[in-house]
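So you can see what is in the structure, the chains are spelled out below.
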Amino acid sequence: MDKHEPEAVRSTSSYVNNGNINDHEGDIIRWFEEVSAKAGAVQTEVLCRILKENFKVEYLKKWLLVGKEDYLFIICKLITDHHPFFFGKKKEKILIFLCGGGGFCSSGTTEGRQKFVPFTRHSAQTTLETFTLSAAYRSRVYPIREGGKILEFIYSGNQFKTKGGLIAGTATTHYYASEEFRIKQERTKSFTCSPYEVISAGDYKQSTYCHLLLGLFFSHDVEFITSAFVYGIVQAFRSFEELWRDLCHDIRHGTLSSRIKVPKMREAVLEIITPNECLASRIEGICEEVEVMDWFGLIPKLWPNAKYVYSIMTGSMQPYLKRLRHYANGLPLVSGDYGSSESWIGVNVDPSSPPESVTFAVVPTFSYFEFIPLYRHKHSCGSSHDGGADDFVEDKPIPLSKVKVGQEYEIALTTFTGLYRCRLGDVVEVGGFHNGTPKLNFICRRKLILTVNIDKNTEKDLQAVVEKASHILQSQTNNNAELVDFTSYADLTTQPGCYVIFWEIKGEAHDHVLQSCSTEMDAAFVDYGYVVSRKTSSIGPLELCILEKGTFKKILDCFVANGATLGQFKTPRCTNNPLLLNILHACTLKIFRSTAYA
Ligand code: AMP
């Protein structure tokens, strides 16, 4: 670390202490209180440092030569959207390239081009800082036992080499293999149940089985349950519903199911587990009891010492909260932090806030953050956004110190990993301040997802509509049917075009119930363009397609087969991908056409 580096920007890892967990927590919280109090000044230091480090790169020279030494001026001239990188001599510092979590057809949440961003030592350190900082705030509210275990549903993906010889992989893949992952466990004095061989086995079904097995084996020591995105926890417990008998068998006999084929993983797991008749009987008893209640309260029953469930639960993860709450029966749900492959952004410093209202306090040392003000023009069809029509008109970017409570923004980042400035594509709202740093509500992905003509609906609009109709599904079937997952697309091959929404449901529902769900969704889109187009029949009736059971597992398998990792997987809420559409159409059992606006 540069000894001339400004004090505030210096990494927290430079703090020394005697290894006591409480000292670490105190140190990192004190550090954050300090940098958040002077967040504006810290941001200026961060920008200076990024520019100083990149001073010699070819591209910047051009601007410096013309005598424009104002940093902000220079940075404004550099790039907007995912501009090519300007590495200059910094190239050797790149440890690895990260690709967006969605894998072959995604960056970030849903569709789009795959992105490659550099990952450096600084990136690894900020990951460690994010996790230790949020762990420190969590343990103030929900203290955990030192030396306890974490049941983590985490998965590494494959790494590969780029043409230039650099290693590429997802952010989580790199993190789980890194020194920082080990340091985090030591600093927080909480240890993952599964050895690295399970995390890195490369087959998510086998890894999930082993995570569950080891989580059960250490059930009395588990202090909390986690995954990167909450989808990972829900899919693991859905698998548990099918696997519990085999898991109990393995615990009783100290064996490992023949479904586990990866030799290194088999070896590592068998080294840990020993026969435990008493535990197996306890788990069996619990499973028999909760199976008849559709697994209600499974988590606290199986893990009696778990204090909370911690994972990203906001944005496109919200639809999984209902099932998680069902499994968790009142156990606190703590929303995970906010970041992207490009940079970590904010930390949840109020762990007791419900996931629906959680905010993320921006950590001003991580990157240089700019905020593009967004104004909603509900009734307008035009937009000033280059990336394609959407419902926002945007203003010039402003620095962190100038943001206002209640205003919506898109974040632009200038990171430490190369001189470029990129837009994140998320809509956030400033919900308040933590000292001098904004606390952000995640609103939605900015990208417009459903549009046929003048209509504009985002992921959040779709989520609200689906949620409304899923209440009908549950109430009219006396809770016998439940929405498992959903996606959609705008079908432009028909005249007029229409919205098609795919549902996979668990349980049985009569056709008349599904018919009313389809009509309800059509009527529930409040976007003015949509309502007008439906009234004038320039958009056709919405179609609800009911999928066969297991369709979303097939979709996940398809993503995974194409290089995505489960850890960063997010179900695309809208898709134009022919491969996915083929699966969806092939698995459609029934179609219900809305009668709204008839
Ligand atoms: P990736 O670059 O694949 O890691 O994905 C980053 C994207 O994931 C962000 O731009 C967000 O859209 C989404 N994301 C990350 N953290 C959160 C969060 N806490 N809440 C909601 N969405 C998130």
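Preceding this paragraph is the structure being described.
Here is a short report on the structure shown in this document.

Thresholds, definitions, all that
Residues numbered from 1 in each chain as written. Predicted model: local features only at pLDDT ≥ 70, side-chain atom pairs only at ≥ 80, totals over all residues. Heavy atoms only, no water. Buried < 20%, exposed > 50% of the residue type's maximum accessible area, 1.4 Å probe, protein only. Helix = DSSP H or I, 4+ residues; strand = E, 2+ residues; numbered from the N terminus. Pairing = 2+ DSSP bridges. Axes fitted to C-alpha atoms, helices over the stretch in contact; angles between N-to-C directions. Contact = heavy atoms within 4.5 Å. Polar contact = N/O pair within 3.5 Å; in protein donor to acceptor, adjacent residues only side chain to side chain. Patch = residues over 30% accessible without salt bridge, like charges linked within 9 Å, V, L, I, M, F, W, Y side chains within 5 Å. Areas by Shrake-Rupley, 256 points an atom, 1.4 Å probe, with all protein chains shown as cover. Salt bridge = Lys/Arg side-chain N within 4 Å of Asp/Glu carboxyl O. Parallel < 35°, antiparallel > 145°, perpendicular 65-115°, else oblique. Left-handed = near helix turned anticlockwise from the far one by under 90°. Nonpolar A, V, L, I, M, F, W, Y, C, P; charged D, E, K, R; others polar.

A word on the pairing of strand 7 (residues 222-229). Summarising burial for strand 7: seven of the eight residues are buried, a large majority. Direction of pairing for strand 3 (residues 148-153) relative to strand 7: parallel, over a ladder of five bridges. Paired with leucine 151 across the strands is isoleucine 225, a residue of strand 7. One ladder, built from four bridges, connects strand 7 with strand 8 (residues 308-312); its direction is parallel. By the bridge assignment for strand 8, phenylalanine 224 is matched with tyrosine 308.

Turning to the sheet that holds strand 7, a few remarks are in order. With respect to topology, five strands assemble into an open sheet ordered 6-3-7-8-9, the strand pairing being parallel. Taken across any chain shown, the strands that pair with only one partner, and hence form the sheet edges, are strand 6 (190-192) and strand 9 (333-335). In this sheet, neighbouring strand axes are inclined to one another by 25 degrees on average, regardless of whether the strands run parallel or antiparallel. Note that strand 3 and strand 6 share three bridges and pair parallel. Across the sheet, residue glycine 148 finds its bridge partner in strand 6, namely serine 190. Running over the sheet, helix 10 (residues 230-253) touches strand 3, strand 7 and strand 8 and is turned about 115 degrees from strand 7.

On to the sheet that holds strand 22 (residues 498-506). With respect to topology, four strands assemble into an open sheet ordered 21-22-23-24, the strand pairing being mixed. Each having just a single partner strand, strand 21 (482-491) and strand 24 (588-593) make up the two edges of the open sheet. Strand-to-strand, the axes of this sheet are offset by a mean angle of 25 degrees, without reference to chain direction. Pairing geometry for strand 21 and strand 22, over nine bridges, is antiparallel.

Glancing now at the side chain of threonine 458. Here threonine 458 lies in strand 20 (residues 457-458). Overall, the relative accessible area of 8% leaves threonine 458 in the buried class.

The next subject is the side chain of serine 123. Structurally, serine 123 is set in helix 5 (residues 121-141). Residue class for serine 123 comes out buried when judged on its relative accessible area of 11%. Within the local environment of serine 123, its side chain forms a polar contact with the backbone nitrogen of threonine 120, the two atoms lying 2.9 Å apart. Apart from residues lying up to four places away in sequence, serine 123 is in contact with Pro118 and Thr417.

A cluster of nonpolar residues, Val292, Met293 and Phe296, forms a patch on the protein surface that exposes about 290 Å² of accessible area. Tracing the chain through its elements places phenylalanine 296 in the loop between helix 12 (277-291) and helix 13 (298-302).

Here the focus is the packing of helix 18 (residues 551-561) against helix 19 (residues 578-586). Relative orientation of the contacting elements helix 18 and helix 19 amounts to 155 degrees, with a least axis distance of 10 Å. With respect to their mutual orientation, helix 18 and helix 19 come out roughly antiparallel. In this structure, helix 18 crosses over helix 19, and the sense of that crossing is right-handed. Residue-level inspection shows Thr551, Lys554, Ile555, Cys558 and Phe559 of helix 18 in contact with helix 19, the latter providing Leu579, Leu580, Ile583 and Leu584. Taken together, the residues that form the contact of helix 18 with helix 19 break down as seven nonpolar, one polar and one charged.

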